[in-house]
Amino acid sequence: MLKEETLKVVINGQEVESSFGKTILECARDSGVDIPTLCFDSRVKATAACRLCSVNVKGRRLPVAACAQKMEPGMEITTDSSDLESMRKTILDLVVSENPTGECVRCEEIGPCELHTLTKRYGSKPGRFHGALSGEKSKDTNPFIFRDYSQCILCYRCTSVCGELEQAHAIVPAGRGFGSRIAAAFDSGLLDSSCTFCGQCIQTCPTGALMDRKMLGQAKASEVTKVKTVCPYCGTGCGLNLHVANNKVIGTTPDWDSPSGEGSLCVKGQFATDFVGHKDRLKTPLIRRNGVLTEATWDEAYDLIVEKFTQIKEESGPNAFTFWTSARATTESNYIMQKFARAVIGTNNVDNCSRT
Ligand code: SF4
Ligand code: SF4
Ligand code: FES
């Protein structure tokens, strides 16, 4: 007997068990059936803007969007036919004719974008349809997000992710008809909006319309090695992939499998890992001599610390000290710091920035 919440449907002639509330797309993917998508991001509500995922349902006159249509008992679904494939190719021909790309910077420098992965698969090329082109490069000078809406296909993934997932509502669909576009309030730049620079709009965008500005012009995608790691900034420990080229960290993409962030990052994890190779980064201890910070050896630095700590403890007692540990240090280093405060200096004045 079927469990109460399950239902049976047929996909491409195969009987499949699914659950009430699931979409055709979810059920198909659960069963290993591939349906191409362009405007779909599983983390937010389907907008059904692109229709690339259209499938046939027995008894329905027209194809339905698999990403938005919920399963119903007894549905008989066809995901793959020459008519559907021809319709998908026409959709892609329309998209690329309206947004002729030439070279796609995203494909060249960051990795294959979803749109061009699909156009390659379907053999779609610009030029089949002629007419006015929409969208233009934004004049936004924010330091993090490059916005070129001449590449935008109005899939609305960025606005859904910004609003529903990040709750930032910094960018929204604006205008009507051919004037439809993605905009921040009053068509301002992102620095003047409620944008938190989480970078999620870049990550979901299936085209080269939104890109990490700092990554551009640094290397070809084929020269980049991705190094999976954990963000060094705070105790949340979000997973990252550092993009490394020519022995330099050139940018970051989220690790979608990370259990702590599940792909979400804050502005620091997303855009500020270039400190690793920054020219002002401290590489040796500095001791202030005659008012000027000068480079010193570790032995000189530790000798000075011992001398000053001993002097302060003798003159003012252990509670003259407060120790601040850091979420950017390892757990072991933090443990040693509190041990040093309590056991060596003799104070409980110890705290950590990730407590707040
Ligand atoms: S960076 Fe984040 S907050 Fe800013 S527009 Fe993109 S999704 Fe919205
Ligand atoms: S900017 Fe990218 S994610 Fe946003 S609507 Fe355009 S193509 Fe879609
Ligand atoms: S992916 Fe379903 S309509 Fe775009």
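In this text, all values refer to a predicted model and were calculated from it rather than measured experimentally. (Residues numbered from 1 in each chain as written. Chains lettered and ligands numbered in written order. Predicted model: local features only at pLDDT ≥ 70, side-chain atom pairs only at ≥ 80, totals over all residues. Heavy atoms only, no water.)

Draft legend 1. Seen up close, the pairing of strand E8 (residues 181-184). Where strand E7 (residues 171-174) meets E8, four bridges bridge the pair, whose relative direction is antiparallel. Each residue of the ladder has a partner; that of Pro 173, found in E8, is Ile 182. Hairpin connection from E7 to E8: six residues lie between these consecutive antiparallel strands, with Gly 175 at a positive phi of about 75°. (Pairing = 2+ DSSP bridges. Helix = DSSP H or I, 4+ residues; strand = E, 2+ residues; numbered from the N terminus.)

Draft legend 2. Inspection of a positive patch on the surface at higher detail. Together, Lys 268, Arg 281, Lys 283 and Arg 328 give the surface a local cluster of positive charge. Tracing the sequence through the fold places Arg 328 in the loop between strand E15 (323-325) and helix H9 (331-345). Judged by relative accessible area, which is 44%, Arg 328 ranks as partly exposed. (Patch = residues over 30% accessible without salt bridge, like charges linked within 9 Å, V, L, I, M, F, W, Y side chains within 5 Å. Areas by Shrake-Rupley, 256 points an atom, 1.4 Å probe, with all protein chains shown as cover. Salt bridge = Lys/Arg side-chain N within 4 Å of Asp/Glu carboxyl O. Lys, Arg positive; Asp, Glu negative; His and termini not counted. Charge placed at Lys NZ, Arg CZ, Asp CG, Glu CD. Buried < 20%, exposed > 50% of the residue type's maximum accessible area, 1.4 Å probe, protein only.)

Draft legend 3. The arrangement of the sheet that holds strand E2 (residues 14-19) in detail. Spatially, five strands are ordered E2-E1-E5-E3-E4 in an open sheet, and the strand pairing comes out mixed. In the strand order of this sheet, the two ends are held by E2 and strand E4 (64-65), each with one partner. Looking at chain direction, strand E1 (residues 6-11) and strand E5 (residues 76-78) are connected through two bridges and run parallel. Of the residues in E5, the one forming a bridge with Ile 11 is Ile 77.

Draft legend 4. Inspection of the pattern of salt bridges at higher detail. Inspection of every chain in the model, using the stated rule, returns 17 salt bridges. Between Arg 128 and Asp 93 there is a salt bridge; the shortest N-O distance is 2.6 Å. One end of the pair, Arg 128, is in the loop between helix H4 (114-122) and strand E6 (145-147); the other, Asp 93, is in helix H2 (residues 82-98), and 35 residues separate them in sequence. Looking at Arg 128, the relative accessible area reads 46%, which means it is partly exposed. Looking at Asp 93, the relative accessible area reads 1%, which means it is buried. Between Glu 108 and Lys 220 there is a salt bridge; the shortest N-O distance is 3.5 Å. One end of the pair, Glu 108, is in helix H3 (residues 105-110); the other, Lys 220, is in the loop between strand E9 (210-212) and strand E10 (225-230), and 112 residues separate them in sequence. Via salt bridges that share partners, Lys 89, Asp 93 and Arg 128 belong to a single interconnected network.

Draft legend 5. Inspection of the domain arrangement of the protein chain at higher detail. Splitting the protein chain by domain gives domain 1 (6-80), domain 2 (104-217), domain 3 (223-281) and domain 4 (287-355). For domain 1 versus domain 4, the separation of C-alpha centres amounts to 61 Å. (Domains from an automatic or database assignment.)

Draft legend 6. Expanded view of the state of the cysteines. In this structure the tally under the stated criterion is zero disulfides. The thiol of Cys 27 is unpaired, and the distance to the nearest cysteine sulfur, on Cys 53, comes to 14 Å. Overall, Cys 27 belongs to the buried group, its relative accessible area being 2%. (Disulfide = S-S within 2.5 Å.)

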